[in-house]
Amino acid sequence: MTYLDTALFWLARIQLWLAALAGVTLSLMVFAASVMRYALGSPWNATEEVVGLLFYAAAVLSLPAAAWEGRHIRMDFVDAIGVKSLHAVLRVFAALALIVMLAVLVAMGIENAEFSREISAKSEITRLDLYPWMMLAPVCLATMLAIVLLGAVSGNDRRQLINVKDTETT
């Protein structure tokens, strides 16, 4: 692995660990809210708001690891096409489409996050600043974009680099 491969691997792993932490925290908050509702008659009123933010964080933070391991959504019907020479062209087209889409989403995400910072957007109940939460998407999508670009430039399958086996084909 090159230094860039190693850096992206660990960045994706750290983001995945943060996603897992957000998921565990989310689960504990839902459990605590349920216990509070039945034991005390009323849960903490900000539970739904914080759980929503944690769910968003968990979903977005897991995207780079999915891209690294090649476990993101794919359209496998292309492989059913009998013309093998068409496969390479379609894979290049798919990679380019993904790269353009990610670049646009990163740019738009930064723009939206900056706007939320400018207007000092806060959550309704807990009054949390929304800017840091909104910056999660562009940061994670930029990581995913770097992973996809590195894979496209090097031609390497990320799964081979970390010995991940595709369970669907074995």
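Predicted model only: the values in this text are computed from it and were never measured. (Residues numbered from 1 in each chain as written. Predicted model: local features only at pLDDT ≥ 70, side-chain atom pairs only at ≥ 80, totals over all residues. Heavy atoms only, no water.)

**Digging into the overall build of the protein chain**
Threshold: The numbering of helices and of strands both runs from the N terminus, where a helix is a DSSP run of H or I of at least 4 residues and a strand a run of E of at least 2. Burial status follows relative accessibility: with a 1.4 Å probe on protein chains alone, a residue under 20% of its type maximum counts as buried, one over 50% as exposed, and anything between as partly exposed. By definition, residues are in contact when any of their heavy atoms lie within 4.5 Å. Residue exposure ignores everything except the shown protein chains as possible cover, and the areas themselves are Shrake-Rupley values with a 1.4 Å probe.
Across its full length, the protein chain carries 6 helices and 0 strands. Of all 170 residues assigned to the protein chain, the portion counted as buried reaches 33%. A separation of at least 24 residues holds for 72% of the contacts in the protein chain among residues at least 6 apart in sequence. Carbon together with sulfur atoms contributes 69% to the accessible area of the protein chain, which is approximately 10900 Å² in total.

**Considering helix H1 (residues 3–39)**
Note the following rule: Any helix carries an expected span of 1.5 Å times its number of residues minus one.
Given a rise of 1.5 Å per residue, 37 residues ought to cover 54 Å, and the 53 Å separating the end C-alpha atoms of H1 matches this to within 8%. Along H1, the positions that sit buried rather than exposed are Asp5, Leu8, Phe9, Ala12, Arg13, Gln15, Ala19, Ala22, Leu26, Met29 and Ala33. After H1 finishes, the residue Gly41 shows a positive phi value of roughly 90 degrees.

**Focus on the pattern of salt bridges**
What counts here: Each reported salt bridge corresponds to a side-chain nitrogen of Lys or Arg within 4 Å of a carboxyl oxygen of Asp or Glu.
Applying the stated criterion to the full structure yields 3 salt bridges. Arg117 serves as the salt-bridge partner of Glu114, at 2.6 Å between the closest nitrogen and oxygen. Here Glu114 and its partner Arg117 are both found in helix H4 (residues 84–118), 3 residues apart, which amounts to about one turn of the helix. Ionic pairing is found between Lys122 and Asp129, a salt bridge with its closest N-O pair at 2.3 Å.

**Looking at the nonpolar core**
Definition in use: The term nonpolar core refers to a set of buried residues drawn from Ala, Val, Leu, Ile, Met, Phe, Trp, Tyr and Cys, joined through side-chain atoms within 4.5 Å.
Formed by 15 residues in total, the largest nonpolar core has its most connected members in Leu8, Trp68, Leu102, Leu141, Met144, Ile147 and Val148. For this core, the elements supplying multiple residues, two or more each, are H1, helix H3 (63–68), H4 and helix H5 (131–154). No other element matches H5, which puts 6 residues into this core. Leave out the neighbours within four places in its chain, and Met144 touches Leu63, Pro64, Ala67 and Leu102. Counting 13 residues, the second-largest nonpolar core is a separate cluster that includes Leu26, Val50, Ala137 and Cys140.

**Considerations on the packing of aromatic side chains**
Under the convention used in this document: Pairing of aromatic rings covers Phe, Tyr and Trp, the last through its six-membered ring, and needs centres within 6.5 Å; plane angles under 30 degrees mean stacked, over 60 mean edge-to-face, and all others mean tilted. Counted as over-ring charges are cases with an Arg CZ or a Lys NZ within 6 Å of the ring centre that also lie within 35 degrees of the ring normal.
Here the structure, examined in full by the defined rule, presents 3 aromatic pairs. Summarising the aromatic geometry, the rings of Phe9 and Trp10 are spaced 5.2 Å apart at their centres and angled 80 degrees between planes, so their arrangement reads as edge-to-face. Here Phe9 falls in the buried class, since its relative accessible area comes to 13%. We classify Trp10 as partly exposed; its relative accessible area is 42%. One aromatic cluster in this structure is built from Phe9, Trp10, Trp17 and Trp68. Looking at Arg117, its charged tip hangs above the ring of Tyr131, at a distance of 5.8 Å from the centre.

**Thoughts on unusual backbone geometry**
Positive phi, normally seen in glycine, also occurs at Ser120, with a value near 55 degrees. Tracing the backbone through its elements, the reader meets Ser120 in the loop between H4 and H5. Positive phi is not limited to glycine here, since Arg127 has a value of about 60 degrees. On the basis of relative accessible area, Arg127 is assigned to the exposed category, the value being 52%.

**Overview of H4**
With 35 residues, H4 extends 52 Å between its outermost C-alpha atoms, agreeing within 8% with the 51 Å of an ideal straight helix rising 1.5 Å per residue. All buried positions along H4 are accounted for by His87, Leu98, Ile99, Leu102, Val106, Gly109, Ala113 and Ser116. Against the buried residues of H4 lie H5. Following H4 by one or two positions, Ser120 adopts a phi angle in the positive range, close to 55 degrees.

**Observations concerning the confidence of the model for the protein chain**
The predicted coordinates of low-pLDDT regions are not to be read in fine detail. This is how it is decided: The predictor rates its confidence in each residue with pLDDT, a number between 0 and 100.
Averaged over the protein chain, the pLDDT score is 84; the fraction of residues at 70 or greater is 85%. Model confidence for the protein chain, summarised as mean pLDDT per element, is weakest for helix H6 (residues 158–161) at 46 and strongest for helix H2 (residues 47–61) at 94.

**Some remarks on a nonpolar patch on the surface**
Cut-off, in case you're wondering: Patch criteria: residues need more than 30% relative accessible area and no salt bridge. Like-charged residues are merged within 9 Å; nonpolar side chains of Val, Leu, Ile, Met, Phe, Trp and Tyr are merged within 5 Å.
A contiguous nonpolar surface patch, about 540 Å² in accessible area, is contributed by Trp10, Ile14, Trp17, Leu18 and Leu21. Residue class for Leu18 comes out partly exposed when judged on its relative accessible area of 42%.

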